[in-house]
Structure formats: structure tokens, C-alpha cells
Amino acid sequence: MRRADRLFQIVQILRNRRLVTAKALAERLEVSERTIYRDIQVLSLSGIPIEGEAGVGYALRHSLDIPPLMFSAAELEALVVGARMVKTWAGTELGRSAQSVLDKVTAVVPAELRDRFDRSKLFALRFSPREDLDVTMDICRQALDAKRVLHLDYRRGDGEFSQRRIRPLGLYFWGNVWTLVGWCELRGDFRNFRLDRIERALVLDETFSEDAGQTLQDFIRSMHCQPQ
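Bear in mind the structure is a predicted one, so any value in this text is a computation, not a measurement.

Participant: Give me the side chain of aspartate 218: which residues, what numbers.
Facilitator: Checked against the element boundaries, aspartate 218 lands in helix 8 (residues 216–225). By relative accessible area, which is 16% here, aspartate 218 ends up buried. When near neighbours in sequence (up to four residues on either side) are disregarded, aspartate 218 contacts Phe190, Asp211, Ala212 and Gly213.

Here it is as C-alpha cells:
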């Protein structure tokens with residue numbers, strides 16, 4: 001995370017809480033407490049009205065003048081549910097980003113709607129969390145964004161093992177399983193891979209271009225042409 005982004009995050013967190021310790025900020029932002037102390041000093045010198053001290057905690061002396069976002073109660077609940085689903089099912093990086101979105105929105109919505117976040121009774125649960133699956137998700141997203149070839153160690157449902165070079169095209173969520181669709185260089189065709197069956201994923205230095213007949217749009221068209 002860039003320092004400018006971290007400073008912005010600190011302000012958003014302080015806007016949502018009455019008093020936050022440097023330890024809590026450090027754990028949330030995954031940096032050292034010493035870094036938080038330096039960041040607090042930078043923010044104070046820049047004119048952000050932060051009060052508090054090391055070992056006690058920090059808070060904003062008064063609200064910053066930012067116009068409130070206008071959301072209906074249903075729209076706020078949609079944000080909460082969506083963010084909870086992303087935090088549970090979409091990997092570590094997107095999970096942190098989802099919490100960041102909630103922090104920013106909570107900081108600027110009118111007070112009468114702010115409690116809507118805490119009172120939502122809609123949840124997204126995963127009873128068997130797998131850290132390796134979150135890592136695989138982050139790796140696949142990285143390859144998608146950079147258009148980099150992926151090397152996969154993959155084991156099918158029947159136990160057969162294979163190694164593939166894939167040009168990743170998209171990720172699909174099916175309710176409890178993510179699949180990666182890509183152009184398989186071994187088969188010379190589109191293939192789907194369940195993320196929970198990928199034993200190892202490695203982003204290669206090799207980039208690829210979206211050749212005609214091998215794009216995500218081509219895959220979608222091919223699915224529409226299949227008999228029902």
C-alpha cells in the first residue's frame with residue numbers, strides 16, 4: 001500500500017471510531033506501530049485535526065467537512081452484503097478492499113443511516129476457510145490483470161493430475177466454487193478450472209495478446225451456441 005493511500009485510510013478509520021490505538025491501526029493496515037506514529041505526525045502537520053497520544057489512542061477532534069453520500073437504506077444494505085460476500089469469497093486482497101469501501105462509506109453517510117451497517121442481518125459464511133484458496137484467487141487475479149500466462153498444477157475430480165499453461169480470461173463464482181476460464185495451450189481450446197482443485201498456480205513472465213477466437217467474448221459466444 002502506498003503511503004498516501006495509508007494516510008487516507010487512517011483518516012477514514014479515525015472518522016468512524018471515537019478512539020483508536022496505534023496498535024489497532026497497525027494491525028489493520030499491516031504495518032508497524034512506529035510507522036503509524038510517523039503517519040499520525042504527518043497528518044497532524046498537514047492540518048488534520050487529530051488529538052491523542054501514544055499508548056492511549058487517537059481520534060479526530062471534529063468531523064471533516066466532506067459532503068455526505070446519499071444512499072437509501074436498501075442501497076446501504078446492498079453494499080454491506082456485497083462487501084461481506086467479497087470478504088468471505090474473493091481472496092485476501094479484495095477482502096481488504098471491501099472493508100476499506102465500508103470504512104469510507106460509513107464515514108460519510110448521515111448519522112441516521114450509519115447504524116444500518118451494524119444492524120444488517122444478512123451474512124455470507126464459509127465454514128471451511130482455506131488460506132491456500134485465497135492465495136490462488138489473488139494469483140489468478142494478478143495474472144488476469146497483467147495478461148500473463150499461468151502455469152497450473154491441476155487435479156481433476158477423478159484424481160487425474162496434469163500441468164497446464166493457461167491464458168487466463170475470467171473468473172466465475174458459482175455460489176460455493178470459483179472457476180477460472182482460460183485458453184489452454186495444451187488442448188488448444190477453452191477450459192474451465194476449479195480454483196479448489198488447483199494445487200499450485202504460478203504467474204509466468206510471459207504476457208499474451210487476446211487473439212481472435214481465443215478471447216473471453218469468444219468463450220461466451222461458444223457457450224451460447226451449445227445445445228441446451
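Participant: Explain the pairing of strand 3 (residues 148–155) to me, and be specific about the residues and the numbers.
Facilitator: Most of strand 3 sits out of view: 6 of its 8 residues are buried. As defined by bridge partners, strand 3 adjoins strand 7 (residues 198–207) across 6 bridges and the pair is classed as antiparallel. Directly across from leucine 152, in strand 7, lies its bridge partner alanine 201. Note that strand 3 and strand 4 (residues 161–173) share 6 bridges and pair antiparallel. Bridge pairing in strand 4 links arginine 155 to phenylalanine 161. Remark: 5 residues form the turn of the hairpin made by strand 3 and strand 4, two consecutive strands paired antiparallel; glycine 159 in that turn has positive phi of roughly 95°.

Participant: Can you explain the packing of aromatic side chains? Please cite residues and give values.
Facilitator: What the rule picks out here adds up to 6 aromatic pairs. Relative to phenylalanine 190, the ring of tryptophan 183 has its centre 5.1 Å away and its plane inclined at 85°; by these criteria the two rings are edge-to-face. Take tryptophan 183 and phenylalanine 190: they sit in the same class, and that class is buried. Put simply, the rings of Trp89, Phe173 and Trp178 pair up and form one aromatic cluster.

Participant: Describe the packing of helix 2 (residues 22–29) against helix 3 (residues 33–45), and please don't skip the residues or the numbers.
Facilitator: Helix 3 packs onto helix 2 with a crossing angle of 105° between their chain directions and a minimal axis gap of 8 Å. As judged from the angle between their axes, helix 2 and helix 3 are roughly perpendicular. On the side of helix 2, the interface is formed by Ala22, Lys23, Leu25, Ala26 and Leu29, while helix 3 contributes Glu33, Ile36 and Tyr37.

Participant: Provide a residue-level description of the nonpolar core, including the pertinent values.
Facilitator: Among the nonpolar cores identified, the biggest contains 20 residues, and Leu150, Leu152, Leu171, Trp178, Leu180 and Leu195 are the most heavily contacted of them. Looking at this core, the elements that each hand over two or more residues are helix 7 (131–146), strand 3, strand 4, strand 5 (178–184) and strand 7. Residue contributions to this core peak at 5 residues, all from helix 7. By size, the runner-up hydrophobic cluster in this structure holds 17 residues, among which are Leu7, Ile10, Val11 and Leu60.

Participant: Tell me what's going on with the pattern of salt bridges, and back it up with residues and numbers.
Facilitator: Enumeration over the complete set of coordinates arrives at 17 salt bridges. Here arginine 200 and aspartate 153 are joined by a salt bridge, their closest N and O atoms 3.1 Å apart. One end of the pair, arginine 200, is in strand 7; the other, aspartate 153, is in strand 3, with 47 residues separating them in the sequence. Among the salt bridges present, the one from arginine 156 reaches aspartate 158, with a minimum N-O distance of 2.5 Å. What you see here is one network of salt bridges that share partners, running through Arg165, Arg167, Glu185, Glu206 and Asp211.

Participant: Quick rundown of unusual backbone geometry? Include the residues and the values.
Facilitator: Non-glycine residue glutamate 30 carries a positive phi angle of around 60°. Despite not being glycine, lysine 147 shows a phi value in the positive range, around 50°. On the secondary structure map, lysine 147 appears in the loop between helix 7 and strand 3.

Conventions and cut-offs
- Residues numbered from 1 in each chain as written.
- Predicted model: local features only at pLDDT ≥ 70, side-chain atom pairs only at ≥ 80, totals over all residues.
- Heavy atoms only, no water.
- Helix = DSSP H or I, 4+ residues; strand = E, 2+ residues; numbered from the N terminus.
- Buried < 20%, exposed > 50% of the residue type's maximum accessible area, 1.4 Å probe, protein only.
- Contact = heavy atoms within 4.5 Å.
- Pairing = 2+ DSSP bridges.
- Phe/Tyr/Trp six-rings, centres within 6.5 Å; stacked < 30°, edge-to-face > 60°.
- Axes fitted to C-alpha atoms, helices over the stretch in contact; angles between N-to-C directions.
- Parallel < 35°, antiparallel > 145°, perpendicular 65-115°, else oblique.
- Core = buried A, V, L, I, M, F, W, Y, C linked by side-chain atoms within 4.5 Å.
- Salt bridge = Lys/Arg side-chain N within 4 Å of Asp/Glu carboxyl O.

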